[in-house]
Structures are given as C-alpha cells and as structure tokens.
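Overview (structure and organization)
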Number of protein chains: 2
Amino acid sequence: MKNEIAEILKRSQLSVTGSRTKILELFQESNGALAHADIEKKTDESYDRVTIYRTLQTFVEKGIIHTIPTADNSIRYALCKDECSTGHHHDNHVHFICDECGTTYCLDNITVPEIALPEGFTQKRADVIVSGICKNCE
Amino acid sequence: MKNEIAEILKRSQLSVTGSRTKILELFQESNGALAHADIEKKTDESYDRVTIYRTLQTFVEKGIIHTIPTADNSIRYALCKDECSTGHHHDNHVHFICDECGTTYCLDNITVPEIALPEGFTQKRADVIVSGICKNCE
DNA sequence: AATTATTTGCAACATTGTTGCATGTGAGTA
DNA sequence: TACTCACATGCAACAATGTTGCAAATAATT
C-alpha cells in the first residue's frame, strides 16, 4: 500500500516525502474528490498550508490528480485514472456534486458525450458537472 | 434598452438602482460570462466591492443570472435564458472556457445530453465545461 | 412631501491562495 | 555510512477574494 504510493511518486520523478505520501493516501481512501480544506482537516494540520497547496499543484502538473470545476469557489481535486496521464486523448470527467452535503462523486463509468464545437475552437478537456441531491441526503 | 432592464428588475421585485442597472447592462453587452473582477473593472470602480457581490448574489437568487463552474476558482456569471427562471425543468448549460485568454462562451445551441445517474441521485442541474483554445487564440 | 422598506458604502474581518527565503530532508554518490 | 546537492518544507508576509454588521442614502409607497 505505502509501497504503491511510493511507486506512483517515483514514476513522476518526485521525492517520497511524508506530506506527499499522506496526501496521496487520503485521495486513495476518500475515493472521491477533496478540496484543500478537507485535506487540511484530515491531516490534522500537521502540514503547513503552503505545503499542501504546493503538493496539490505538483500532483496536478504530474497528472496524478486533476481539478474539478465547481460553482462555489473551492477547487476540488480527484485522483486521475491511468488514462489521464497518457495525454493521447481528451480528458473527460463526469462528476456529481451534492447541493446538500457538498460531497463530490466521480462517475467514471459514464462517458462524456461528444460536443460539437463551432469552427475555430479546439477542445482539450470536457467536464460534466451534475448537481442535485445525492443518495445520502435524499 | 434601459427600460427593458428596469422591467427585468421589477419583474423580480427588485428596486431599480444604479448599480443593478449598470451590472445588468454589462451582462447584456458582454454576451458572455463575467467574473466579479471583470465587473469591478468595467464599472471603473464606481461601486463598492460589497455592492457588486451582493448584486450578483441577488441576481442569482432571482434567476436573472447563473453561475458557471470553473476549475480555477473564480466564479463566473452569465445571463439566464428565459427558461432558467421557470424552474419546470433541469437547468442545463454548455460553456467553453479558453485556456489562453480565459474568455467564457455560452454555447446555447448545444443541448446537454442526458446523464444516467446511479440509484438515489437526483439531478437538479447539469453543466458541461469544455476547455481548450478559442477561435481568437488559435 | 413624508414615511417606510430596501440598498449602499464603509470598516472590519475571514478565508483562500501566492511568493521569497532560510532551514531541513531525500536521493544519489563516493 | 558519510557527503553532497537538489529539492521540499515551514515561516512570514502579502495579495486576492468573499462575508457581516451597521449607519447613511436612496427607491418605492402613501
């Protein structure tokens, strides 16, 4: 388990450090999306706020996690599936955000439909954000 | 023109004031999405920051504008089409955000495909965020 | 024109995110 | 294992963004 995490970090040419290991662990456990604030809480404030910001940035750059667009202004992050990092294709994500509890679910099994863009527009990425009430809040 | 704006405000039971008229005007002109910062600039700082925040909140509540989810955390707003305010149906929006210049386009002519949600999830709204390079930046 | 309800601006604060720099730690090498 | 160097961390200070309470100003109603 810890080994697996170390592997991921090394593959991305990142040093294996306490904060990175811990944060990656959190993502694997949570199985959903995390915002900066969530991570701060779950790590019990053992890491500096700045470190968390930088770790998240690094992870995004290396393609380990990706951001999820939200309408309230809190960036959320989720683990990338393997395909993300290949770069051979569009990054497509479907997420569900609960209006009630704010939990963000990755709906990986659903495919993003193709969107026909007007002339001159190039698509790099497509996100579908469905919001409403989740199964725990109904 | 000004009359039309006053009409919209009255229909929502809002007093017709300088800031509200001006901000609504901006939305009608821009024909795209605006963030708080854009509005501050375009109004030449003649209105207090707080007023702009509150005006935007009010407009959202009244269904005059809607928020657009973004991955950088800056909330953007755009005018609602008439259907928005009826509430008889899902609110569906397709937007294109340019990675280069940040301009947000509303792609109203494109329909959001139906997303099949897992059991227990209720959809209130669906946003499709396509990002990439727009026609001006290619 | 006077009254009332609403809106605005100010001040103060809270939250979120960024940058520079000194210190500490991990990874590679002798 | 000890040494070196690159990189990661924490701290401090700052910048941007958003919120709240309250008094003054303005719009709507009579």
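Structural data are supplied above this passage.
Reading the values: the criteria
Residues numbered from 1 in each chain as written. Chains lettered and ligands numbered in written order. Predicted model: local features only at pLDDT ≥ 70, side-chain atom pairs only at ≥ 80, totals over all residues. Heavy atoms only, no water. Contact = heavy atoms within 4.5 Å. Buried area = accessible area lost by both parts, 1.4 Å probe. Salt bridge = Lys/Arg side-chain N within 4 Å of Asp/Glu carboxyl O. Polar contact = N/O pair within 3.5 Å; in protein donor to acceptor, adjacent residues only side chain to side chain. Helix = DSSP H or I, 4+ residues; strand = E, 2+ residues; numbered from the N terminus. Nonpolar A, V, L, I, M, F, W, Y, C, P; charged D, E, K, R; others polar. Pairing = 2+ DSSP bridges. Core = buried A, V, L, I, M, F, W, Y, C linked by side-chain atoms within 4.5 Å. Buried < 20%, exposed > 50% of the residue type's maximum accessible area, 1.4 Å probe, protein only. Axes fitted to C-alpha atoms, helices over the stretch in contact; angles between N-to-C directions. Near = heavy atom within 4 Å. Parallel < 35°, antiparallel > 145°, perpendicular 65-115°, else oblique. Left-handed = near helix turned anticlockwise from the far one by under 90°.

1. Here we look at the interface of chain B and chain A
If you look at the interface, chain B gives 35 residues, while chain A gives 36 residues. A buried area of about 3,000 Å², summed over both sides, lies between chain B and chain A, and 66% of it is on carbon and sulfur atoms. The largest contributions to the chain B side of the interface with chain A come from Ala71, Ile115 and Phe121 of chain B, which together make up 18% of the buried area. At the boundary of chain B with chain A, the tally comes to two salt bridges. Linking Lys124 of chain A and Asp99 of chain B is a salt bridge whose minimum nitrogen-to-oxygen distance equals 3.7 Å. In this structure, the connection of chain B to chain A is made through 11 residue pairs in polar contact (both at pLDDT 80 or more). Those elements that place two or more of their residues in the side of chain B that touches chain A are strand S4 (91–98) and strand S6 (122–133) of chain B. Tallied by class, the residues present in the side of chain B that touches chain A amount to 20 nonpolar, eight polar and seven charged. Where strand S6 (residues 122–133) of chain A meets S6 of chain B, 11 bridges bridge the pair, whose relative direction is antiparallel. Bridge pairing in S6 of chain B places Val130 of chain A opposite Ala126 of chain B.

2. Regarding the nonpolar core
The tendency in soluble globular proteins is for nonpolar side chains to be buried as a group. Judged by nonpolar contacts, the single largest core of 26 residues is most densely connected at Val94, Phe96 and Val128 of chain A together with Val94, Phe96 and Val128 of chain B. Counting residues per element, the ones that place at least two in this core are strand S4 (91–98) and S6 of chain A together with S4 and S6 of chain B. Those residues in contact with Phe96 of chain B that sit more than four places away from it in its chain are Leu117, Phe121 and Thr122 of chain A together with Thr103, Thr104, Tyr105, Leu107, Val130, Ser131, Gly132, Ile133 and Cys134 of chain B.

3. Considerations on the sheet that holds strand S3 (residues 76–79) of chain B
Residues and elements named next belong to chain B. Strand order in this open sheet of three strands is S1-S3-S2, and the pairing throughout is antiparallel. Each edge of the open sheet is held by one strand with a lone partner, namely strand S1 (34–35) and strand S2 (65–68). Across four bridges, the pairing between S2 and S3 is antiparallel. Residue pairing across strands places Ile65 opposite Leu79, the latter belonging to S3. Running at roughly 80 degrees to S3, helix H2 (residues 18–30) makes contact with S1, S2 and S3 of the sheet. Running at roughly 105 degrees to S2, helix H4 (residues 49–61) makes contact with S2 and S3 of the sheet.

4. Digging into the protein's contact with DNA strand C
In the region of DNA strand C, 20 residues are neighbours, and Thr17, Ser19, Arg20, Thr51 and Arg54 of chain B sit closest. Restricting attention to atoms of DNA strand C within 4 Å of the protein, one finds that 62% of them are sugar or phosphate atoms. Here a phosphate oxygen of DNA strand C and a backbone polar atom of Val16 of chain A are 3.1 Å apart. Side-chain polar atom of Tyr53 of chain A to a phosphate oxygen of DNA strand C: 3.0 Å apart, as the coordinates give it. Looking at the surface near DNA strand C, the elements that each hand over two or more residues are helix H4 (49–61) of chain A together with H2 and H4 of chain B. The element contributing the most residues to the surface near DNA strand C is H4 of chain A, with five residues. Looking at the surface near DNA strand C residue by residue, the class counts come to six nonpolar, nine polar and five charged.

5. Topic: the packing of H2 of chain B against H4 of chain B
For any two helices packed against each other, the geometry is given by the interaxial angle and the distance between the axes. Residue and element names in this part refer to chain B. Contact pair H2 / H4: the axes reach a minimum separation of 10 Å and the direction vectors enclose 70 degrees. With respect to their mutual orientation, H2 and H4 come out roughly perpendicular. Crossing angle aside, the handedness with which H2 passes H4 is right-handed. Taken together, the residues of H4 that come into contact with H2 (itself represented by Ser19, Arg20, Ile23, Leu24 and Phe27) are Thr51, Ile52, Thr55, Leu56, Thr58 and Phe59. Across the contact of H2 with H4, the residue classes tally to six nonpolar, four polar and one charged.

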